[in-house]
Amino acid sequence: MDEHAPAAELLQQAKASFTSSSLALAPQLSSILTKEIKHEKTVSEKSEVVSAGPPAPFVLHSKLGDTAVSLTRDFNGEKVSVDCSVNMQDSLGSLSFGGDEDEDESEMDEAADVQFNVTVTKADKALVFECISDGTYLDIRHVSLEPAEGIDSDTVFTGPVFSELDSELQDAFREYVTERGINEDLGEYLRHLMFDKEQVGFTFTLISSNAQTRSYKVLIIEYLRHLMFDKEQEEYLHWLEGVKGFVGSS
């Protein structure tokens, strides 16, 4: 950064990032965030189910900071995609893979339903299944027939209520998705994956927040440094003018 840059420019940046109260709390916030990050790293442990990877032949697509995941595979010329996100879930239950050893094991193993969508695409059409599973069962909530690129209106009829379909047709749809690898094992994997995704996402947010807090502190230090430089220059100029006035006086 330019040593002679006016402090006023940095002041504007500082004003945009801080209030007087946030400046006072910054050290405390950074300290608390550091403690929370350390705690999360200590208690967070990826489950064996997630570590083993998705059921073959599905391929997992996931990135840090994004609550959504996608599993894909090919099946007899069809594209099968399983889409799931933390934001789709009503609750992730009380799954736990670390922490208080005195916690009741039955509560730690309590199943949480996971909701996800399955899209089977063939040519320019797609069947979309809204599914739910707790790892011991798989249920279909809705089936819609859509263009491959998706629907562009909320008022388009995509299909009837699944539970109102003839039971034989319901069973046929369940067999259809099972043939494509959509089963209880996949539900169990997604259930654990969503819990892990939530924990990792929370830790990622803490780390990002802490880094931002630290960058703000650096900005203030830079501002004060430049302010002192400007102050020194101002005082020096004042001194020069005083000396000139003194020497020039008779």
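Now for a quick tour of the structure. (Residues numbered from 1 in each chain as written. Predicted model: local features only at pLDDT ≥ 70, side-chain atom pairs only at ≥ 80, totals over all residues. Heavy atoms only, no water.)

**Digging into the sheet that holds strand β6 (residues 138-147)**
Part 1 of the reasoning: Pairing within the open sheet is antiparallel, and its six strands lie in the order β1-β2-β3-β4-β5-β6. For this open sheet the edge positions go to β1 (59-62) and β6, each flanked by a neighbour on one side alone. Each adjacent strand pair in this sheet contributes to an overall mean axis angle of 20°, direction not counted.
Part 2 of the reasoning: Bridge count between strand β4 (residues 114-122) and strand β5 (residues 125-133): nine bridges; the pairing is antiparallel. If you follow valine 114 over to β5, its bridge partner there is serine 133.
Part 3 of the reasoning: With respect to the sheet, helix α5 (residues 167-179) is in contact with β2 (68-75), β3 (78-85), β4, β5 and β6, its orientation differing from that of β6 by roughly 85°. (Pairing = 2+ DSSP bridges. Helix = DSSP H or I, 4+ residues; strand = E, 2+ residues; numbered from the N terminus. Axes fitted to C-alpha atoms, helices over the stretch in contact; angles between N-to-C directions. Contact = heavy atoms within 4.5 Å.)

**As for the side chain of glutamate 146**
Part 1 of the reasoning: By secondary structure assignment, the location of glutamate 146 is in strand β6.
Part 2 of the reasoning: At 10 Å, lysine 125 is the nearest oppositely charged side chain to glutamate 146, a buried residue that forms no salt bridge.
Part 3 of the reasoning: Side chain to side chain, glutamate 146 and serine 144 meet in a polar contact 2.9 Å long.
Part 4 of the reasoning: Look past the residues within four positions of glutamate 146 in its chain and what remains in contact with it is Asp124, Lys125, Ala126, Val128, Ile151 and Thr158. (Buried < 20%, exposed > 50% of the residue type's maximum accessible area, 1.4 Å probe, protein only. Lys, Arg positive; Asp, Glu negative; His and termini not counted. Salt bridge = Lys/Arg side-chain N within 4 Å of Asp/Glu carboxyl O. Polar contact = N/O pair within 3.5 Å; in protein donor to acceptor, adjacent residues only side chain to side chain.)

**Brief notes about the nonpolar core**
A general feature of soluble globular proteins is that nonpolar side chains tend to end up buried together.
Part 1 of the reasoning: Within the largest apolar cluster, 28 residues are counted, with the highest numbers of intra-cluster contacts made by Val82, Phe116, Val118, Phe129, Ile140, Ile182 and Leu190.
Part 2 of the reasoning: Listed by contribution, the elements that provide at least two residues to this core are β2, β3, β4, β5, β6, α5 and α6 (184-248).
Part 3 of the reasoning: If one sorts the elements of this core by residue count, α6 sits on top with five residues. (Core = buried A, V, L, I, M, F, W, Y, C linked by side-chain atoms within 4.5 Å.)

**Overview of the packing of aromatic side chains**
Part 1 of the reasoning: Inspection of the entire model under this criterion finds three aromatic pairs.
Part 2 of the reasoning: When the centroid spacing of 6.2 Å and the interplanar angle of 50° are considered together, the rings of phenylalanine 162 and phenylalanine 173 count as tilted. Residue phenylalanine 162 is found in the loop between β6 and α5, and its partner phenylalanine 173 is found in helix α5; the two are separated by eleven residues along the sequence. The residues phenylalanine 162 and phenylalanine 173 share a single accessibility class, namely buried.
Part 3 of the reasoning: Against the face of phenylalanine 58 rests arginine 73, its NZ or CZ located 5.7 Å from the ring centre.
Part 4 of the reasoning: Here the basic side chain of arginine 180 rests over the ring of tyrosine 176, its NZ or CZ set 3.6 Å away from the ring centre. (Phe/Tyr/Trp six-rings, centres within 6.5 Å; stacked < 30°, edge-to-face > 60°. Lys NZ or Arg CZ within 6 Å of the ring centre and 35° of its normal.)

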